[in-house]
Structures are given as C-alpha cells and as structure tokens.
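# Understanding the architecture of this molecule
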Amino acid sequence: MVFEINAWYADKLLLATWETLYMVIISTFFSYLFGLPLGVILVTTSDGHILENRGVNRVLGAVVNATRSLPFIIFLILLIPLTRLIVGTYIGTIASIVPLTLAAIPFVARLVETSLKEIDWGLIEAALSMGANAWQVISKVLIPEAKPSLILGVAITAINLIGYSAMAGIVGGGGLGTLAYYYGYQRYETPVMWATVIVLIIMVQGIQMLGDTLAAKVINKRR
Amino acid sequence: MIEIKGLTKIYHTPGQEIRALDNVSLSVKKGEIFGIIGLSGAGKSTLVRCINMLEKPTAGQIIVDGQDVTALSSSELRSARQKIGMIFQHFNLLSSRTVFDNIMFPLEIAGVPRNEASKRVKELLELVGLSDKAQVYPGQLSGGQKQRVGIARALANEPKVLLSDEATSALDPQTTRSILGLLKDINQRLNITIVMITHDMNVIKEICDRVAVIHDSKIVEVGDVLEIFSNPRTPVSRDFINTVVNRDIPEELLHRSKPLEGSMTARLIRVTFIGESAGDPVISSMVKKYDVKANILYGNIDRIKGKPFGNLTLELLGDPVSLDDAMNYLRDLGLEVEVFNGV
Ligand SMILES: Nc1ncnc2c1ncn2[C@@H]1O[C@H](COP(=O)(O)OP(=O)(O)O)[C@@H](O)[C@H]1O
Ligand SMILES: [Mg+2]
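In this numbering scheme, every chain counts its residues from 1 along its sequence in written order. Chain letters start at A and ligand numbers start at 1, both assigned in the order the entries are written. Confidence filtering applies because this is a predicted model: local features only for residues at pLDDT of at least 70, side-chain atom pairs given and counted only at 80 or more, and all residues used for totals across whole chains, interfaces and linings. The basis for the side-chain values is all heavy atoms of the structure; hydrogens and waters are excluded.

Within a beta sheet, neighbouring strands are joined by backbone hydrogen bonds and run either parallel or antiparallel to one another. Residue and element names in this part refer to chain B. One open sheet holds the 4 strands; their spatial order is β2-β1-β4-β5, and the pairing between them is antiparallel. Strands with a single pairing partner mark the edges of an open sheet, and in this sheet they are β2 (16-28) and β5 (67-68). The contact definition used throughout considers only heavy atoms, calling two residues in contact when any of these lie within 4.5 Å. Orientation is described by lines fitted to C-alpha atoms, with helices fitted over the stretch in contact, and by angles between N-to-C directions that extend from 0 to 180 degrees. Secondary structure elements follow DSSP: runs of H or I of four or more residues count as helices, runs of E of two or more count as strands, with numbering from the N terminus. Strand contacts of helix α1 (residues 44-51): β1 (2-13), β2 and β4 (59-64), with the helix running at about 120° to β1, the strand carrying the most contacts. Here, a strand pair is defined by DSSP locating no fewer than two bridges between the strands.

As structure tokens, then:
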C-alpha cells in the first residue's frame, strides 16, 4: 500500500494525536481523582473491613454497576445536557472530557477495589494492632502496598479511554476519532484511516509499556 | 498485668455459631513469659486477639495494665494498642517499606516526631541485630530476620505487653531458637510481659515461665512450666509433653522377665526428676542406703528453662520391704516415682 499523506494531512494528524492524548490524560487524571476514593470506600466499607458499612457499600456498588453497564455511546448522548452545563458546549475536545471522565470513574473504582482487595489482611491487622486509624491504614498500608497494581490499573484506564475518545470523536469530540471519521470514513481517504490506526496502536503500546515498566520498577525495588 | 475474666467468643458464620472461647479466665503476671498451648483450632489466636481487641469478645472482661480494654472508645483503644505490641506467624511486614521504615511505622502512627523516631529506630535495629539491614526491603530478608524486624516494630512504642501469635511457627528449629533467645533477652532486659501462643511444646519448654493449656475453647490446665512437665493432670497436657519428652517405656522392657533368686522381687519403675535433684547422685545413694540393686534400663534428660528435667527407667531388685523403703526415699527427695510392673 502506498501512503500519500501530504503535509496538510500530517499537520491534521499531529493535531488530532495531541488532542487525543490531551483528552485521555486529563480524563484519566479526573477519573482517578474521583474513582480512587470511591474504590477505597468500596473496599473499606465491605463486610468485616475497617469502615464496614453495609448501606454505603451496597448503594455505591449498585450505582457503580449501573453506570458501568451503560454502553459508552449511550452515556455520551445522555450526558449532552450536563456537558453543555459544565463546559458550555458538547462539541470539541474539552467537552469530551466530561463524558470520558464520568464513564471512567466507576471503571476506575472497580479497578482500585480489585487492587486493594489483594492486600494481605494480615498487614491491615498489623497496622490496627499498632493503633492505626482508618486513614492511616488507607494511606500507609493499602495504597502503598497496592502501588504496582494501581499503576497497571492507570495504564488500563488510559488505554480504555483512548477507545472511548475515538467514539466521542465520531460525535464531534475531536482527536483521532474525528479525523478517522471525517477523512477515513466519509471521504474514503484510506491512508488517513491507516495513519490513525498506526498512531493508535503506537499510543496503546506506549502506555502499556510505560505502565509495565513503572510497575516492574516498583516491584523490583521491593524484591 | 493481664486479667481475663469469663471471656467468651462466639463467631457467627452463615448457618452456624462457633464457640471459639468458652468462659476463659486467666491471669498473667507482670514481667513473665506466659505460654498458651493448644491444638490447631483450640481458640489460641482468638484468645490472644481478644487481648488487643482485634477480636471483639462476646462476653467477659479483659484488663491490661489496669485498663479494661473491652470498655474503651475507639480512640482510647487506639492509644491502648500502642502499648500492646504484637508479632505474627507470617511477620506481616510492609513490602513497600524498608526495614528502617517498617520499624518507623508504629512511631508514625503514634505521632512521634521524625528525628526522635529515627533515633529510636536505630536503637531497635541495634537491639535485634539488624543495623546493617536498615535500608533493605523485607523481600530480601530471611524468615528469622523478618521476625526480628517484626519484634523491633512491636517494641517501637515501648509497650508493656508483647503478644506473639505463633511467631516461630514458620521458622526452622535453629532460627526458632535464636528468635526465642531474643524474646527471652528482651523480656529480661525490658521487663516486658510476653504472651506466647504456640502449638509447639518446645517453645513452652524453652522460654515460658507459666503455661495455660487450651483445649476445645476451654483452659484445661494452668501452671508453672516445670510443674506441668513433671505432673501433667490432663491427657491433652500429657500428649503435648510427650511431643518433647519421651516418656514412653520401650515395649521390650515391659515384657522382660528374668528368673530371680530367693525372696528377690523385681520392679520396673520410672523416676522423673526436675531441677537440682537431677544432678545429685540419688540413685547411687539409694543403693547404698537400702538393700536394693538398680539396673538403669533407659534414660532421658532435657533442660527446661535451664533446669535439668528427665526420667530414668530402672529395674529395682530386692525384697518387697526394701523396695518400698527405697521408693519412699526417692519420693521424699521430691522425685516422681511410677511403678510399671512387679510387686
Ligand atoms: N473470623 C472467624 N470466623 C469464624 N470462625 C472463626 C474465625 N476465626 C476463628 N474461627 C474459628 O474459631 C475456632 C478457633 O480458632 P483459632 O482461635 O484461630 O484457633 P487456633 O489459633 O488455636 O488454631 C476455630 O474453629 C476457627 O475455625
Ligand atoms: Mg492460630
């Protein structure tokens, strides 16, 4: 196959790549800002845990499951009024960050929950036996001990958000999704299509490798 | 130092109730090493975990250093726990922290200023002999070294009581001995009260002053270690003692029969001796004093808390009256004498 991407397309591609990265980074950040505490609450309020609270745990669990069960594209449409309220518009890169973040929060909460659940209960008990309070258990035991697994979770979230952002792009969200849709799909510019595919593959690989490397670094230090 | 009164713990699991402790009462004196031995599932861990309220008692009272820990608010309980150290079978060290920072952990929890805490950690590293491992992660330590870190960590806030739940059960015999030596040393140097949970009679034999035997959620026997070793009153205690002291009479000795002359009779006896009398030449003086002969058939000697402890199986020969006199002589010296056959 012959790639004929001239300078004009190259510029477009670069801009779209940057937009996608931007959306993914910002929405990963915000989804952890809210999802991490939610994950912590999901774990610590579970039965027998340090902040056991059946009511909070069940309600939160139900909300998380409900939002996770919605297909992202439906989520996107449902959130248009809210996005407009927060950002002023529902089109463009900035506007996409709202549905991306909101869709990722419950996903992050479950990932964090899984990571923290793996921590040996003996460590929590040791901390309690020293007189630690709940906050100290969370900040000095749960999070630091789960660090490698949490790092991998961030990579998984970011990769998922790349996929979501492409979907958002189709409804005018900007980034590589928009590029692929306008030029690749609507105008049959196959080289553009392939170029976005390659950029996406590189992006996903890069994030996965970064996550693996950082997690391995933490694990090796402790070994 | 620790007063346990009427402690009952029932676990509620779906479909059944497990009575892990049934009306347990115990008293642990200040500065002693108190052992609690029992088979797996007897309730030992539950008992020790009630002392620092990791497990909430169903009924009963636990007084630690004059404070009823069952009646504390959660913040009072957290302060009380800082003065009750605990060590674990699987060490429970944080893999995310170096040895130094693991020992620092309880000091952080207690809010001790950083430089003061640093000084304390260095002292503790010295105490457990791991100064050269300060910056190493627990993943690089052997089991024995990990437990030393666990001990240093448990001592960081200068507790009055140290609870040990099977702290040597994951270690080989040699490492076990060195850890027990360290605990004994700490007990003597710091006058800290230690409660040792174990299923291993060697641990009791090695360092405990007193022992409670727990069986089926109940305390069946409590007493001085030497006393229980020399005179176990329950089958459970006897079984435990037999795991470390061979008290069985070899089968062939029981069925030995030799033709005897005249009025001579033979008796197969076992003499159990403890402490000082073990060193005395009691058998030879008995033979001199009474008209009996003694064949030493089988012997077994061990040390408990540094004192000799053992038993001798003897065949005593002589007329029945002399045999009785000789045996009474041994009993008067404080030895336990059991007769296995003969008149
Ligand atoms: N958290 C728990 N929930 C239900 N049952 C328990 C729990 N912990 C212990 N048990 C039960 O209580 C009994 C005593 O356990 P434990 O105190 O751990 O014994 P030990 O330490 O002597 O082996 C056992 O039958 C055990 O199965
Ligand atoms: Mg146990």
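There is more to say, and it comes next.
Moving on, we come to the packing of aromatic side chains. Classification of ring pairs rests on two measures: the distance between centres of Phe, Tyr or Trp rings, Trp counted by its six-membered ring, which must be within 6.5 Å, and the angle between planes, read as stacked under 30 degrees, edge-to-face over 60 and tilted in between. A full pass over the atoms with the stated rule returns 5 aromatic pairs over all chains. Plain terms: the ring middles of Phe72(A) and Tyr164(A) are 4.4 Å apart, the flat faces sit at 5° to each other, and that makes the pair stacked. Taken together, the residues span a long stretch of sequence, with Phe72(A) in helix α3 (residues 72-78) and Tyr164(A) in helix α8 (residues 147-173) at a distance of 92 residues. The interplanar angle of 55° and the centroid separation of 5.6 Å between the aromatic rings of Tyr290(B) and Tyr329(B) together place this pair among those described as tilted. Here Tyr290(B) is found in the loop between α11 (282-289) and β12 (293-304), whereas its partner Tyr329(B) is found in helix α12 (residues 320-332), with 39 residues between them in sequence.

Residue and element names in this part refer to chain B. It suffices for a single heavy atom of a residue to lie within 4 Å of a molecule or strand for the residue to be listed as near it. Taken together, Tyr11, Thr13, Ile18, Ala20, Leu39, Ser40, Gly41, Ala42, Gly43, Lys44, Ser45 and Thr46 are the residues near ligand 1. In protein, a polar contact requires one atom able to donate a hydrogen and another able to accept it; more generally it is a pair of N or O atoms within 3.5 Å, and residues adjacent in sequence count only if both atoms are side-chain atoms. In this structure, Tyr11 approaches ligand 1 through a side-chain N or O atom, which is 3.5 Å from a nitrogen atom. In the environment of ligand 1, an oxygen atom lies 2.5 Å from a nitrogen or oxygen atom belonging to the side chain of Thr46. Its free accessible area being 560 Å², ligand 1 has 62% of it covered by the protein chains. Ranked by the residues each element gives to the shell around ligand 1, the list is headed by α1, at 3 residues. Residues are grouped as follows: Ala, Val, Leu, Ile, Met, Phe, Trp, Tyr, Cys and Pro are nonpolar; Asp, Glu, Lys and Arg are charged; all remaining types, including Gly, are polar. A per-class count over the shell around ligand 1 returns 5 nonpolar, 6 polar and 1 charged. Accessible surface is estimated by sampling points in the Shrake-Rupley manner with a 1.4 Å probe; for residues, cover comes only from the protein chains shown.

Residue and element names in this part refer to chain B. We call a set of buried Ala, Val, Leu, Ile, Met, Phe, Trp, Tyr and Cys residues a nonpolar core when their side-chain atoms join them within 4.5 Å. The buried label applies to any residue whose accessible area, calculated with a 1.4 Å probe on protein chains only, is under 20% of its type's maximum; exposed applies above 50%, and partly exposed to all values in between. Membership of the largest hydrophobic core comes to 58 residues, with the highest contact counts inside it found for Ile4, Ile36 and Leu47. Ignoring any residue separated from it by four or fewer positions in sequence, one finds Ile36 in contact with Leu26, Lys44, Leu47, Val195, Met196, Ile197, Thr198, Ile204, Ala212 and Ile214. Grouped together as the second largest cluster of nonpolar side chains are 55 residues, Phe100, Leu141, Leu162 and Ile192 included.

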